[in-house]
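So the chains spell out like this:
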Amino acid sequence: MRKLILLVVLGLAVGALFGQLMMSVPGYWLVRVGDTSVQTSFWFGLVLLLAAFIVLHFALRLLMRLTRPVSRFKVWNSRSRNRTAMKRTVRGLVALAEGRWKRAEKSLVKAADDSSTPLVNYLSAALAAHYQGRYEQADTLLKRAHLSTEGADTAVGLMQAQLMLDRQQYEEALAILTRLDRHLPNHPQVLKQLKQAYISLSDWDGLRRLMPRLGAQHLISQDEREQLELRAYRELISREARQPGDIERVRNLWADMPDHLRGNADLIVLYAEALVRGNEQGIAERLLRHSLKEHWDSRLVLRYGLLEVDPARQLVVAEKWLQERPNDPDLLLTLGRLSLRNAYWGKAQEYFEASQRQRPSGVVCAELARLYANLGEHNKSQLYYRQSVELLDKSLPSLPQPTEPEDTLARNAQAAS
């Protein structure tokens, strides 16, 4: 109410001031055209001139709108189609998330041309076509996605690589990912897909080189990284061990290996095998001896007993270990074998029998049977051969066996008939 009163008072004041101005500034307008003249007061003419300007302004605006109806209709139609395309895109994405691939592809492709984000439409439609097994259509939609948006190389490449991985076309996927990796060396998704491609192709060298980059980007857990590194180096060393011609490659692999893997007994044994195949028994002996000093493991002890470097020195070293582990059956077996290499037949017999007492083993029985046979004690040899077979029989799977010869003949006759 106060504002209304204030406005009324202000209006009266402005009117009074304007009236006083009209009285104090007299004047007139005279317009003459030929014999015709029009005369009016200055202020009334000023009002008419202002009114004419306003009318002319709105008339021109109306005329401009009337001269451009087609363009305005095009703008309206474009906005309407864009809204429709957006609704179809949303329906297509919902159908894609729900696993209704055919409906999703149809909605997304139909809306792509009018969508403000055609790249999203074509990539999602390609995924829907892929899930339907329509691989050629998926590839066509990926090409249309690439043409629809400038700078979409990375997005299209990642989608194409993922589809190739799903189709088990690992070499094609790796080629795409390698190209992307050259342009985007630290892209998280590229690195994760590279890991999948390397594992699928059993490219262990590529995988081991990728591990530090995955770790730096925090794209892999510590447990998974250690497992994959162990698997990669195990496969690489095993492969190189079967090709003893280039021992330097195996040594380089061992040098590049992370420190936490160099204490792994499986890898140590594999590396020792590779060194032996490469005529590097001396290095293998030092490796096993130092590894056993750091960490005792029965696999390393048994492999040490199979080396033939310096049997006399090896026996001395192993007998020092026996002082700390007098009842270790694997160490006793190793000592027996080293004694054989030194032609200490009696000592070998003692070590083998001591190992057998600690833990009955078919391998130890076989060693004793062979030793006694060569010593001419055939009865003892036969005894240990039987024990070896019995111990081996216990490790075989439980399967039905014939109980009597007649039963066997009857079953054979039944099978023949």
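Quick caveat, the model's predicted, so the values are computed rather than measured.

**Considerations on the overall build of the protein chain**
Thinking step 1. Summing up its helical and strand segments, the protein chain has 21 helices and 2 strands in all.
Thinking step 2. Within the protein chain, the fraction of its 417 residues that count as buried is 33%.
Thinking step 3. Contacts spanning at least 24 positions in sequence make up 48% of the contacts within the protein chain whose residues lie at least 6 apart.
Thinking step 4. As displayed, the protein chain offers around 26900 Å² of accessible surface, 55% of which is attributable to carbon and sulfur atoms.

**Some words on a positive patch on the surface**
Thinking step 1. On the surface, Arg79, Arg83, Lys87, Arg91, Lys102, Lys106 and Lys110 cluster together into a positively charged patch.
Thinking step 2. Secondary structure elements with two or more residues in the positive patch: α3 (69-98) and α4 (101-112).
Thinking step 3. Tracing the backbone shows Lys102 in helix α4.

**With respect to the packing of aromatic side chains**
Thinking step 1. Considering all chains together, one arrives at 5 aromatic pairs under this definition.
Thinking step 2. Ring centres of Trp296 and Trp321 lie 5.6 Å apart, and the angle between their planes is 85°; this geometry places the pair in the edge-to-face category. Note that Trp296 is positioned in the loop between α14 (281-294) and α15 (298-304) and Trp321 in helix α16 (residues 311-324), a separation of 25 residues in sequence.
Thinking step 3. With relative accessibility at 18%, the residue Trp296 sits in the buried group.
Thinking step 4. On the basis of relative accessible area, Trp321 is assigned to the buried category, the value being 12%.

Basis of the calculations
Residues numbered from 1 in each chain as written. Predicted model: local features only at pLDDT ≥ 70, side-chain atom pairs only at ≥ 80, totals over all residues. Heavy atoms only, no water. Helix = DSSP H or I, 4+ residues; strand = E, 2+ residues; numbered from the N terminus. Buried < 20%, exposed > 50% of the residue type's maximum accessible area, 1.4 Å probe, protein only. Contact = heavy atoms within 4.5 Å. Areas by Shrake-Rupley, 256 points an atom, 1.4 Å probe, with all protein chains shown as cover. Patch = residues over 30% accessible without salt bridge, like charges linked within 9 Å, V, L, I, M, F, W, Y side chains within 5 Å. Salt bridge = Lys/Arg side-chain N within 4 Å of Asp/Glu carboxyl O. Lys, Arg positive; Asp, Glu negative; His and termini not counted. Charge placed at Lys NZ, Arg CZ, Asp CG, Glu CD. Phe/Tyr/Trp six-rings, centres within 6.5 Å; stacked < 30°, edge-to-face > 60°.

Spatial relationships are all this shows, so hold off on functional conclusions.
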